[in-house]
Amino acid sequence: MVAPASKLTPRHIAITMDGNGRWAAARGLARSAGHRAGLTPVRMCIEECARRGVEALTLFAFSSENWGRPAQEVGSLMGLFLEALERELEELHAKGVRLRFIGERRDLPVRLQARFAAAEARTAGNGGLKLQVAVSYGGRWDIIQATQKLAKECSSGALRPEDISEARFAAQLALAGVPPADLLIRTGGEYRVSNFLLWDIAYAELYFSARLWPDFAVADLEEALAFFATRERRFGHTVARHSAAKA
Ligand code: FPP
């Protein structure tokens, strides 16, 4: 049964899953083994978020900058996405998860593009957890692609530049229709945003965990949620508010 989310539960959690390579190196394994081990906490987070009534979960799986990694690592990650999707899709669908991929699709292998589209179509009608997987994604890319769409509308005369509002802009971003991120978790001990969801994390609480991603366990997620529950969220005002949407 899905627990109703309390005001102290984030509506939208975003996670930068960092530390797979170091986890593998510490065991004398190839980096790809670290990425594969990273699937375990991915499953855990999906289950826990669904169970706790979190509305949306966004996972940073492959950044725009990750294309610069050795071809072998990139290839093994693309293979892992394909494999994970083939193995997990029906279970996610049965759990009512609505799956979407955000990022520059054109750069992905054609087979993966087709699988992403099919998985989105299969789960589009689901009313459970909104799960976004960011692949070939960068916050700057997202802002540029939204700007290009609006610029085209302006140049065709359908939109006046002065009518571009925050809401109109947000509607062109990859996460349109998903509430802004309330909590950004980054594992792996780095204190950086690294080009993830720049617009959408404007008022997110930031939580950094030293845990390497493959080791991230339920207790670590609970710690992040406990941290979130202690935050007084003011959204630039003087008194606490629980949601940016109400601000
Ligand atoms: C960053 O760790 C992690 C990645 C670039 C890949 C993340 C992918 C997964 C966890 C696999 C599957 C995900 C889904 C949703 C199917 P790193 O390699 O930069 O680690 P390091 O900082 O220790 O080198």
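How each quantity is defined
- Note that residues are indexed from 1 along each chain, following the sequence as it is written.
- In view of the model being predicted, local features appear only for residues whose pLDDT reaches at least 70, and side-chain atom pairs are presented and counted only at 80 or more, with totals across whole chains, interfaces and linings using the full set of residues.
- Hydrogen atoms and water are omitted, and side-chain values are computed over all heavy atoms in the structure.
- Whenever Lys or Arg places a side-chain nitrogen within 4 Å of a carboxyl oxygen from Asp or Glu, that contact is recorded as a salt bridge.
- The helix and strand labels rest on DSSP assignments: H or I over at least four residues marks a helix, E over at least two residues marks a strand, and numbering proceeds from the N terminus.
- A single heavy atom is enough: if one lies within 4 Å of a molecule or strand, its residue is considered near that molecule or strand.
- In the analysis that follows, any N or O atom pair within 3.5 Å is treated as a polar contact, provided that within protein one partner can donate a hydrogen and the other can accept it, and provided that, for residues neighboring in sequence, both atoms belong to side chains.
- Working definition of accessibility: Shrake-Rupley area with a 1.4 Å probe, residue cover restricted to the visible protein chains.
- The span one expects for a helix is its residue count, reduced by one, times 1.5 Å.
- Relative accessibility under 20% of the residue-type maximum defines a buried residue, over 50% an exposed one, and the middle range a partly exposed one, all with a 1.4 Å probe and only protein chains included.
- By arc we mean the arc of the directions from the helix axis to the C-beta atoms, nothing more.
- Only when DSSP finds a minimum of two bridges between them are two strands counted as paired.
- Under this scheme, a helix contributes an axis fitted over its contacting stretch, all axes are lines through C-alpha atoms, and angles between N-to-C directions fall in the 0 to 180 degree range.
- Working rule for contacts: check all heavy atoms of both residues, and any pair within 4.5 Å makes them a contact.
- Under this scheme an angle from 65 to 115 degrees is roughly perpendicular, one under 35 degrees roughly parallel, and one over 145 degrees roughly antiparallel; angles in between are oblique.
- Should the near helix be turned anticlockwise from the far one by less than a right angle, the crossing is termed left-handed; should it be turned clockwise, right-handed.
- Buried Ala, Val, Leu, Ile, Met, Phe, Trp, Tyr and Cys residues form a nonpolar core when they are joined through side-chain atoms within 4.5 Å.

Trainee: Sorry if this is basic, but what is going on with the pattern of salt bridges here?
Mentor: Opposite charge on two side chains permits them to pair, given that their charged atoms come into close proximity. Per the counting criterion, the structure on display carries 24 salt bridges. Across the salt bridge formed by R36 and E83, the nearest N and O atoms sit 2.8 Å from each other. With R36 in helix α2 (residues 31–37) and E83 in helix α4 (residues 71–94), this residue pair connects regions lying 47 residues apart in the sequence. Between K130 and E55 there is a salt bridge, and its shortest N-O distance comes to 3.1 Å. With K130 in strand β4 (residues 130–137) and E55 in the loop between α3 (39–51) and β2 (56–63), the pair connects residues that are 75 residues apart, well separated along the chain. One salt-bridge network, in which partners are shared between bridges, spans R36, R43, E83, R87 and E88.

Trainee: Teacher, can you tell me more about the site of the ligand here?
Mentor: Looking at the ligand, there are 18 residues lining it, with D18, G21, R22, R31 and R69 nearest. Taking G19, its main chain carries an N or O atom lying 3.3 Å from an oxygen atom of the ligand. Within the side chain of R31, an N or O atom sits 2.8 Å from an oxygen atom of the ligand. Calculation on the ligand without its partners gives an accessible area of 630 Å², and the protein chains cover 89% of this total.

Trainee: Quick question: what am I supposed to make of helix α5 (residues 110–123) here?
Mentor: Residues spaced three or four apart along an α-helix point in a common direction, a consequence of the helix completing one turn every 3.6 residues. Along its 14 residues, α5 runs 20 Å from first to last C-alpha, staying within 8% of the 20 Å computed at 1.5 Å per residue. Along α5, the residues classified as buried are L112, F116, A119, E120 and T123. Burial along α5 is one-sided: seen end-on, the buried residues are contained in an arc of 100 degrees. What points out from α5, more than 90 degrees from its buried face, is the exposed set V110, R111 and A121.

Trainee: Whenever I open this one, the sheet that holds strand β1 (residues 12–16) confuses me. Can you help?
Mentor: If you trace the six strands from one edge of the open sheet to the other, you get β3-β4-β2-β1-β5-β6, paired in parallel fashion. Strands at the two margins of the open sheet, each flanked by one partner only, are β3 (98–102) and β6 (205–208). For this sheet, the mean inter-axis angle between neighbouring strands, taken without regard to orientation, is 20 degrees. Relative to β2, β1 runs parallel, the two sharing five bridges. Within the sheet, the bridge partner assigned to I15 lies in β2 and is L59. Packed on one face of the sheet, α3 meets β1, β2 and β4 and runs near 160 degrees to β2.

Trainee: Before we go on, may I ask you to explain the packing of α3 against α4 in this structure?
Mentor: Between two packed helices, what matters for the description is the angle formed by their axes and the separation of those axes. Look at α3 against α4: their axes get within 13 Å of each other, and the N-to-C directions meet at 30 degrees. When the interaxial angle is binned, α3 and α4 end up roughly parallel. Along this stretch, α3 crosses α4, giving a crossing that reads as right-handed. Contacts between α3 and α4 involve L39, R43 and I46 from the former and L80, A84, R87, E88 and L92 from the latter.

Trainee: Is there a simple way to explain the nonpolar core in this structure?
Mentor: I13, I15, L57, L99, V135 and I185 are the most contacted members of the largest nonpolar core, which has 41 residues in total. With eight residues, α4 is the single largest residue contributor to this core. For L57, the contacting residues outside a window of four places in its chain are H12, I13, I15, C45, I46, C49, L129, K130, L131 and Q132. Within the second largest apolar cluster, 15 residues are counted, among which are A14, A181, F196 and I201.

Trainee: Explain unusual backbone geometry here, please?
Mentor: One can expect most non-glycine residues to show negative phi and most peptide bonds to be in trans. A positive phi angle is found at S136, which is not glycine, with a value near 60 degrees. Inspection of the secondary structure assignment puts S136 in strand β4. At S194, a residue that is not glycine, the phi angle is positive and equals roughly 50 degrees. Among the structural elements, S194 can be located in the loop between β5 (183–186) and β6.

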